[in-house]
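Single-letter residue listing:
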Amino acid sequence: MSSVFDNKSYIKKNDDSGYLAYIQPDTAAVTVFGRRLLATEVDNSSEKDGKAARRVRKDFADKIKDGPDFSDFVSGMNEPLTPAQALEKATAAQNRLQSKLSKGTTRLPRWLKTDIPTGGNVTKIRKTLRDLNLHTVCEEARCPNMGECWGGGKHGTATATIMIMGDTCTRGCRFCSVKTSKSPAALDPKEPENVARALAAWGLDYIVLTSVDRDDLADFGSNHFASTVRNIREMAPQMMIECLTPDFQGRPELIEPVALSGLDVYAHNIETVEALQGVVRDYRANYKQSMYVLEHVKKTKPTLLTKSSIMLGVGESDEEVLQTMRDLRSVGVDIVTLGQYMRPTKRHMKVSEYVSPEKFKHWEQVGNELGFVYTASGPLVRSSYKAGEFFISEILRKRSAAKAAQQQQAADGDSQKGNLRDIAATIATEERKKAAPLR
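Residues numbered from 1 in each chain as written. Predicted model: local features only at pLDDT ≥ 70, side-chain atom pairs only at ≥ 80, totals over all residues. Heavy atoms only, no water.

Caption draft 1: The arrangement of the overall build of the protein chain in detail. Scanning the protein chain from N- to C-terminus turns up 15 helices and 16 strands. Out of the 439 residues belonging to the protein chain, those deemed buried represent 43%. Within the protein chain, residue pairs in contact and separated by at least 24 positions form 68% of the contacts whose partners lie at least 6 positions apart. Approximately 24000 Å² of the protein chain is accessible, and the part contributed by carbon and sulfur atoms is 51%. (Helix = DSSP H or I, 4+ residues; strand = E, 2+ residues; numbered from the N terminus. Buried < 20%, exposed > 50% of the residue type's maximum accessible area, 1.4 Å probe, protein only. Contact = heavy atoms within 4.5 Å. Areas by Shrake-Rupley, 256 points an atom, 1.4 Å probe, with all protein chains shown as cover.)

Caption draft 2: Spatial organisation of helix α12 (residues 318-330). Its 13 residues give α12 an end-to-end C-alpha distance of 19 Å, which sits within 8% of 18 Å, the value for a rise of 1.5 Å per residue. Taken residue by residue, α12 has Val321, Thr324, Met325, Asp327, Leu328 and Arg329 as its buried positions. Two residues or fewer past α12, Gly332 is found with a positive phi of approximately 90°. (Expected span 1.5 Å × (residues − 1).)

Caption draft 3: Molecular detail of the nonpolar core. With 34 residues, the main nonpolar core has Leu199, Leu209 and Tyr266 as its most contacted residues. Of all the elements in the fold, those that place two or more residues in this core are β8 (159-164), α7 (191-202), β11 (206-211), α8 (222-235), β12 (240-244), α9 (252-259) and α11 (287-300). With near-sequence residues (within four places) excluded, Leu209 lies in contact with Ile162, Ile164, Val195, Phe225, Thr228, Val229, Ile232, Glu242, Cys243 and Leu244. Within the second largest apolar cluster, 28 residues are counted, among which are Leu294, Met311, Leu338 and Tyr341. (Core = buried A, V, L, I, M, F, W, Y, C linked by side-chain atoms within 4.5 Å.)

Caption draft 4: Up close: the packing of aromatic side chains. Tallying each qualifying case throughout the model produces 0 aromatic pairs. Looking at Arg329, its charged tip hangs above the ring of Phe372, at a distance of 5.4 Å from the centre. (Phe/Tyr/Trp six-rings, centres within 6.5 Å; stacked < 30°, edge-to-face > 60°. Lys NZ or Arg CZ within 6 Å of the ring centre and 35° of its normal.)

Caption draft 5: Structural detail: the side chain of Thr306. Here Thr306 is to be found in strand β14 (residues 305-312). Setting aside residues no more than four positions away along its own chain, Thr306 makes contact with Tyr266, Leu294, Val297, Lys298, Gly332, Val333, Asp334 and Ile335.

Caption draft 6: How the structure looks around the confidence of the model for the protein chain. Summarising the model, the protein chain shows a mean pLDDT of 76, and 59% of its residues fall at 70 or more. Confidence drops under a pLDDT of 50 for residues 152-156, and excluding neighbours within four residues, the segment shows 12 contacts in the predicted structure. In this model residues 434-439 is a low-confidence stretch, pLDDT under 50, and it forms 17 contacts with partners more than four residues away in sequence or in other chains. (pLDDT = per-residue confidence, 0-100.)

Listed below in structure tokens is the structure:
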């Protein structure tokens with residue numbers, strides 16, 4: 001059999017050894033190219049009869065006839081288990097499960113399961129966010145209350161939490177799912193106007209403005225924050241505005257512009273107890289710095305409501321939680337919220353404990369006893385919790401209505417605090433009579 005190879009004629013030959021060779025007729029030179037690598041074998045039995053060898057495919061059954069059979073996979077199970085053996089194995093499996101539960105790998109309790117957010121207002125808000133390139137902490141932080149807040153919930157007070165200054169933070173707290181970077185994108189100069197336009201179109205009653213930390217900016221975003229509030233106040237003067245701000249590294253000249261921008265509630269979260277600050281938060285945040293921010297806001301504008309939030313389930317003790325609440329009251333904080341930490345992804349710190357609803361009820365009672373204007377405490381409560389905002393909006397509305405009657409009184413800080421607590425007590429009594437827990 002001849003073929004063309006390198007522009008010359010060769011004779012192709014297969015010898016018995018399985019090597020492939022080409023013979024050049026004029027020089028009788030033999031070139032061996034290598035052994036044949038085929039998934040077949042040569043049947044030489046016919047050569048004895050003078051017939052050409054033929055290839056036959058190996059039978060798959062022949063290849064595995066000497067392999068393992070079913071008994072090799074179930075060895076040791078030739079006899080059925082006795083009841084005692086079955087009980088022993090079941091007990092061992094249960095002990096392994098309990099061991100996993102004790103290490104924090106618990107399943108989500110039923111009281112932490114919520115419905116997927118849907119509805120007309122949810123769709124409307126999402127569309128506007130995409131059109132104007134805006135972000136909400138509701139989506140970025142995967143808040144479980146998004147459907148209730150955006151849809152209006154049982155109180156009919158529709159709210160949303162807008163996250164300004166981009167969707168990338170310069171800090172890396174271990175509980176937070178927001179993206180991080182040392183050098184995020186530049187601020188959008190049109191964002192304050194776009195946010196105000198979107199909020200005016202939504203017709204919301206209460207809005208929370210929050211932001212990522214921007215340690216890369218000279219003013220840490222303080223002026224951008226204040227500008228956004230002023231734009232909202234101009235386009236939607238009836239809207240209640242809460243600002244959940246960064247710590248601005250504790251610099252008073254950066255805290256004051258936001259406090260005096262026209263907002264109704266100034267919020268800054270302490271996040272956790274003092275002993276766990278280094279474990280939970282970024283190294284640039286700390287307990288004393290956050291307490292100073294809240295204290296300075298009250299000094300800057302005594303009539304401004306201040307608010308903070310504590311996460312439970314990260315390893316804190318009851319004594320530490322109580323001390324944190326006392327410290328917040330000592331710097332004049334009016335509103336405190338307590339909620340369950342929920343691990344956003346496996347890359348974040350683990351949940352130490354799922355705190356029971358009964359324990360949250362206990363902390364609500366403690367908050368009332370310590371003198372907070374309002375305490376929102378529950379497994380799904382967040383810093384901008386919907387029911388808490390309804391209560392706060394009622395406080396603000398009634399305070400505004402009572403302002404005319406109070407014009408004859410001295411407008412010093414102590415009397416303002418007293419009046420505010422009287423209004424809060426009245427609202428709390430009304431809500432208890434309705435038997436409708438704000439949770």
